Amino acid sequence: MPRRTLPPPPPPAYLRTWPDRNALLHDRGRALEELRRRILGVHRLLLLWLFALGCVSGWALLTVPLEMIEDQDVMAVVMVPLCAILGLGAMAPCVYGVVAGIRNDRKARELTDSWLALDSDPASDSALRSPGLSLCWLLSSLLVCALGLWASFAAAAYAEPGRDSYSDVVLGMGTGLILWLTGLIGITKAAGHYRWAIRKLAPAPGR
């Protein structure tokens, strides 16, 4: 999966060649804005949901052989390994993408702290709080979490013998778990950004 590189860290003190403070603040502001976009951008939220959709698709493929076994379908002998390969093949890149995104966020946060330490510019730094984006991450992730919990409990609680098969229950509970974990990741990210902003960012002038 192609990935754009993060902005570089600020140069060490003995290599800094900014002609004046305005030039330093300009480069600092550009780097911080790019890092903010990389961490909290809407595209990151959509990408997380896309990975979740890929995991749900892979899980659905993994439950197909179970349904065929329940129906005593002779094709299950062929479909079990095929669906296992396809299902794991769909889930593995998505899980890797989520893990890589979490690691990338951690590195981006470290770079943000390094650029912030160069100087102080409360007027521009206040934009890094991004209350709108944080709220978007929080509310949408809460919704996904609630949907996941409902899917998991509904699949188990409302299953009826003769109407719902074990594969239906497994599919519903697995899908709910994936959605719940996806929402939990988003909530954790929004809460982590809020704590970071309170701890690191100076209040805007006049407050």
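Residues numbered from 1 in each chain as written. Predicted model: local features only at pLDDT ≥ 70, side-chain atom pairs only at ≥ 80, totals over all residues. Heavy atoms only, no water.

Undergrad: Quick rundown of the side chain of Arg36? Include the residues and the values.
TA: Take Arg36: it is sitting in helix H1 (residues 21–40). Every residue in contact with Arg36, bar those within four places of it in the chain, is listed here: Gly41, Ala127, Leu128, Ser130 and Leu133. (Helix = DSSP H or I, 4+ residues; strand = E, 2+ residues; numbered from the N terminus. Contact = heavy atoms within 4.5 Å.)

Undergrad: Any details on the packing of helix H2 (residues 42–70) against helix H6 (residues 166–200)? Residues and values, ideally.
TA: Running from N to C, H2 and H6 point in directions that differ by 165°, and their axes come no closer than 9 Å. Classified by the interaxial angle, the pair formed by H2 and H6 is roughly antiparallel. For H2 against H6, the interelement crossing comes out right-handed. For the pair H2 and H6, the contacting residues are Arg44, Leu48, Trp49, Ala52, Cys55, Val56, Trp59, Ala60, Thr63, Leu66, Glu67 and Glu70 in the first and Tyr166, Ser167, Val170, Leu171, Gly174, Thr175, Ile178, Thr182, Ile185, Gly186 and Lys189 in the second. Residues belonging to the contact of H2 with H6 are distributed by class as follows: 13 nonpolar, 6 polar and 4 charged. (Axes fitted to C-alpha atoms, helices over the stretch in contact; angles between N-to-C directions. Parallel < 35°, antiparallel > 145°, perpendicular 65-115°, else oblique. Left-handed = near helix turned anticlockwise from the far one by under 90°. Nonpolar A, V, L, I, M, F, W, Y, C, P; charged D, E, K, R; others polar.)

Undergrad: Describe the environment of Leu15, listing the residues and the values that go with them.
TA: Along the chain, Leu15 falls in the segment before H1. The sequence separation of Leu15 and Gly101 amounts to 86 residues, and the corresponding C-alpha distance is 31 Å.

Taken by themselves, the reported measurements are silent on function.
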